[in-house]
Amino acid sequence: MKHQRYYLMLLLCLGLLQPIKSQRLLTQADVGKLAESMAGSYNSAKQSEKDTSYYNIVLHMVPIWPNEKNGKYLYVEQAMATQMDKPYRQRVYHLQLADDSTITSTVFEISSASTFINAWKLPHVLEQLTSDSLISRQGCAIYLRKNEDGNFVGSTKAKECLSTLRGAAYATSEVVIYKSKMVSWDRGWNAEDKQVWGAVKAGYQFIKE
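Being a predicted model, the structure only gives us computed values, none of them experimental.

What counts as what
- Residues numbered from 1 in each chain as written.
- Predicted model: local features only at pLDDT ≥ 70, side-chain atom pairs only at ≥ 80, totals over all residues.
- Heavy atoms only, no water.
- Disulfide = S-S within 2.5 Å.
- Helix = DSSP H or I, 4+ residues; strand = E, 2+ residues; numbered from the N terminus.
- Buried < 20%, exposed > 50% of the residue type's maximum accessible area, 1.4 Å probe, protein only.
- Salt bridge = Lys/Arg side-chain N within 4 Å of Asp/Glu carboxyl O.
- 1 Å grid on protein atoms, 1.4 Å probe; cavity = no way out; pocket = protein on both sides within 12 Å on 5 of 7 lines; lining within 4 Å.
- Points joined across faces, edges and corners; volume = space filled by probe spheres on them.
- Contact = heavy atoms within 4.5 Å.

The next subject is the state of the cysteines. Evaluated as defined, the whole model comprises 1 disulfide. The disulfide that involves C140 links it to C161, with 1.9 Å between the sulfurs. Its S-S torsion of approximately 85° makes the covalent link between C140 and C161 right-handed. On the criterion of sequence distance, the pair formed by C140 in the loop between β6 (134-136) and β7 (142-146) and C161 in the loop between β8 (152-155) and β9 (170-177) is long-range, its members being 21 residues apart. Grouping residues by exposure puts C140 and C161 together as buried.

Right, let's talk about the pattern of salt bridges for a bit. Scanning the model with the defined rule gives 6 salt bridges in all. One salt bridge in this structure joins K159 and D193, with 3.0 Å as the shortest N-O distance. Of this pair, K159 sits in the loop between β8 and β9 while D193 sits in the loop between β10 (181-189) and β11 (195-198), placing them 34 residues apart in sequence. Measuring nitrogen to oxygen at the nearest pair gives 3.3 Å for the salt bridge that ties R187 to E174. Within this pair, whereas R187 is found in strand β10, its partner E174 is found in strand β9, the two being separated by 13 residues in sequence. Each member of the pair, R187 as well as E174, carries the same accessibility label: buried.

To continue, consider empty space enclosed by the protein. This model, assessed by the stated rule, comprises 1 cavity of 30 Å³ or more. Volume-wise, the largest cavity comes out at about 30 Å³. As for the largest cavity, its lining consists of V58, H60, E77, Q78, A79, M84 and W120. Those elements giving two or more residues to the lining of the largest cavity turn out to be β2 (57-64) and β3 (72-80).

Take unusual backbone geometry next. Phi is positive for S112, which is not a glycine, with a value near 55°. Among the secondary structure elements, S112 is positioned in the loop between β5 (102-110) and α4 (123-126). By relative accessible area, S112 is classed as exposed at 54%. The backbone phi angle of A158 is positive, close to 40°, even though this residue is not glycine. Its relative accessible area of 11% is what places A158 among the buried residues.

Relative to the elements of secondary structure, V62 occurs in strand β2. Judged by relative accessible area, which is 19%, V62 ranks as buried. Each C-alpha atom of the pair V62 and E77 lies 8.9 Å from the other, and the pair is 15 residues apart in sequence. The residues contacting V62, other than those within four sequence positions of it, are Y73, L74, Y75, W120 and L126.

Next comes the structure, spelled out in structure tokens:
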């Protein structure tokens, strides 16, 4: 109950999120539709031009392992627009139906991730990525629900996503997924619940190219 209350408060209070008007029941088909919506190339160029406290970040998400029966998988690569060959984040997201109102996006790191730099545009390289190279980020899954507008809204749970980056004790992630854009707010917090990294004002606005 404590985690559930925390989750609902995040959805209602976070500046980047629009309140969920009502929850829609989900099916396996929604998992596929969500994966299709997420797949593509994005950037935050417009936001960085309006507010210099934000960087122009490029985000690529590519479907992988189409024959897997336990949900949908995406290879994710994120980099500064000025350093495309030096991505600061490479992940695999696993989307699956948790219950009739929630889809989970489980997050995995990749061992020897440098091998797959720019793999989003190199299918022959991406084909070499196998499940045994994945490292689960325990507690960092995103729990997504669909509102009446058809958008997916979600977050991590409480303080479960542990992090030591830049003095953090844990990290939180909130996201809204639209058909043509994504708003994502990743932040790190120390043991006193003070923010130590991530955007301060609101989430990054990624526009699909």
